[in-house]
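In case you want the letters, here they are:
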Amino acid sequence: MIAAVAAGTALLGAAAHGVWHRNSPVFGPVLARLPGSEPVVSITFDDGPNPRATPAILDVLRRENVRATFFVLGRHAERWPELVDRVRADGHQVGNHGYFHRKLHRHSPAYVRDDLTRGTAAIVAASGWTPRHFRAPHGFRSPWVTPIAASLGQRTVGWSLGVWDSARPGARAIAARALDGMHAGSILLLHDGDGYDPDGDRMQTAEALPAIIDGLRGRGFRFTTLPD
Ligand SMILES: [Zn+2]
């Protein structure tokens, strides 16, 4: 009896961990850091495109000759398809972040498949590119999210460092947190858009980016996109 309760509790614990933790393997494999021990890092941006921050961020990346990954939101891509096209044209990776930015662990397999499919279609329509990576909104997954992404040819990606840039703590704080937390193989989560407000202000992130790139280069890091 006690063993059964303990086993049940452990199972619940595993399920909760799988739902809530962006990098948990319980609900399918997630890329949480870069493979190998080279001093390389990946910068990723979620929730765009955004009419102000995305062009500003692309300008910085072009000037610094850095390639990054953008997890684009379908409904924002439909509004600013030319920005998604520019992300691709500038040589960055475009990943799928779904369409509506709902918390997917609360939704049925049919809903999740529809959201991921619509997000993919918006990226294809904007840029001609079929995404090969998927990141769940907030990292929240259920048992079917990662398999559905895989069925669309998309590898599920988490992150190893978030710096809460979306709370707008100031560009200096964003840069300091990013530099403090980065290690070889880190995947840094930043935001060029707002998952809920299409016109949300992400200019602090754009302003922090030069200091992040300079600081990481000063510590010997190189930049790479995500492996397929
Ligand atoms: Zn998001």
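Residues numbered from 1 in each chain as written. Predicted model: local features only at pLDDT ≥ 70, side-chain atom pairs only at ≥ 80, totals over all residues. Heavy atoms only, no water.

K.L.:
Sorry if this is basic, but what is going on with the overall build of the chain here?
P.N.:
A count of helices and strands for the chain gives 8 helices and 8 strands. Since a compact globule built from 228 residues should have a radius of gyration of about 17 Å, the 18 Å found for the chain is in line with a globular shape. For the chain, the proportion of its 228 residues judged to be buried stands at 53%. Expressed as a percentage of contacts within the chain between residues at least 6 apart in sequence, the contacts between residues at least 24 apart total 77%. (Helix = DSSP H or I, 4+ residues; strand = E, 2+ residues; numbered from the N terminus. Rg over C-alpha atoms; globule rule 2.2 N^0.38 Å. Buried < 20%, exposed > 50% of the residue type's maximum accessible area, 1.4 Å probe, protein only. Contact = heavy atoms within 4.5 Å.)

K.L.:
Would you mind going over the pattern of salt bridges with me for this structure?
P.N.:
Counting across every chain of the model gives 11 salt bridges. Between Glu 38 and Arg 222 there is a salt bridge, with the nearest N and O atoms lying 3.3 Å from each other. You can see Glu 38 sitting in the loop between helix H1 (2-20) and strand E1 (40-46) and its partner Arg 222 sitting in strand E8 (residues 222-223), a full 184 residues away along the chain. Note on Arg 222: relative accessible area 44%, which makes it partly exposed. Close ionic contact of Asp 59 with Arg 86 constitutes a salt bridge, the shortest N to O distance being 2.8 Å. Here Asp 59, found in helix H2 (residues 53-64), pairs with Arg 86, found in helix H4 (residues 81-89); they are 27 residues apart in sequence, far enough to count as distant. According to the relative accessible area criterion, Asp 59 is partly exposed, its value standing at 38%. One salt-bridge network, in which partners are shared between bridges, spans Asp 59, Arg 62, Arg 86 and Asp 90. (Salt bridge = Lys/Arg side-chain N within 4 Å of Asp/Glu carboxyl O.)

K.L.:
Sorry if this is basic, but what is going on with helix H8 (residues 203-218) here?
P.N.:
Each α-helix turn comprises 3.6 residues. Residues three or four places apart therefore point the same way. Look at H8: 24 Å from first C-alpha to last across 16 residues, which is about the 22 Å you get at 1.5 Å a residue. Helix geometry: H8 is bent most strongly at Leu 209, by close to 35°, with proline Pro 210 lying one to four residues after it. What H8 keeps buried is the set Met 203, Thr 205, Ala 206, Ala 208, Leu 209, Ile 212, Ile 213, Gly 215 and Leu 216. Taken together, the buried residues of H8 touch E1, H2, helix H7 (171-181), strand E7 (187-191) and E8. Positive phi shows up at Gly 220, right after H8, with a value of about 90°. (Expected span 1.5 Å × (residues − 1). Bend = angle between axes of the 7 residues up to and from the residue.)

K.L.:
Explain the packing of H2 against H4 to me, please; I cannot follow it from the model alone.
P.N.:
Geometrically, a packed helix pair is captured by the angle between its two axes and the distance between the axes. As a packed pair, H2 and H4 sit with axes 11 Å apart at the nearest point and diverge in direction by 10°. Judged by the inter-axis angle, H2 sits roughly parallel to H4. Contacts between H2 and H4 involve Thr 54, Pro 55, Leu 58, Asp 59 and Arg 62 on the former and, on the latter, Leu 83, Arg 86 and Val 87. (Axes fitted to C-alpha atoms, helices over the stretch in contact; angles between N-to-C directions. Parallel < 35°, antiparallel > 145°, perpendicular 65-115°, else oblique.)

K.L.:
So what exactly am I meant to see when it comes to the coordination of the zinc ion here?
P.N.:
Around a metal, the perfect tetrahedron of four donors has angles of 109.5 degrees, and the perfect octahedron of six donors has angles of 90 or 180 degrees. With distances of 2.0 to 2.1 Å, the protein atoms coordinating the zinc ion are Asp 47 (OD), His 97 (NE2) and His 101 (NE2). One chain supplies every donor for the zinc ion, spaced along it as D-x49-H-x3-H. Remark: His 97 occurs in the loop between strand E3 (93-96) and helix H5 (109-127) and Asp 47 occurs in the loop between E1 and H2; sequence separation between them is 50 residues. Its relative accessible area of 6% is what places Asp 47 among the buried residues. (Donors = N, O, S within 2.8 Å, 3.2 Å for Na, K, Ca; no water.)

K.L.:
What exactly am I supposed to notice about the pairing of E7 here?
P.N.:
Note on strand geometry: in a regular strand, side chains alternate between the two faces of the sheet. Where burial is concerned, most of E7 is hidden: 5 out of the 5 residues are buried. Across the two faces of E7 the burial is the same, with Ile 187, Leu 189 and His 191 and Leu 188 and Leu 190 all buried. Sheet analysis places E1 next to E7, joined by 5 bridges and oriented parallel. Bridge assignment links Thr 44 to a residue of E7, and that residue is Leu 189. Where strand E6 (residues 161-162) lies against E7, 2 bridges are found, and the strand directions are parallel. Residue pairing in the sheet places Leu 161 in a bridge with Leu 188 of E7. Crossover connection from E6 via H7 to parallel E7: handedness right-handed. (Pairing = 2+ DSSP bridges. Right-handed = clockwise from strand over helix to strand, strands pointing away.)

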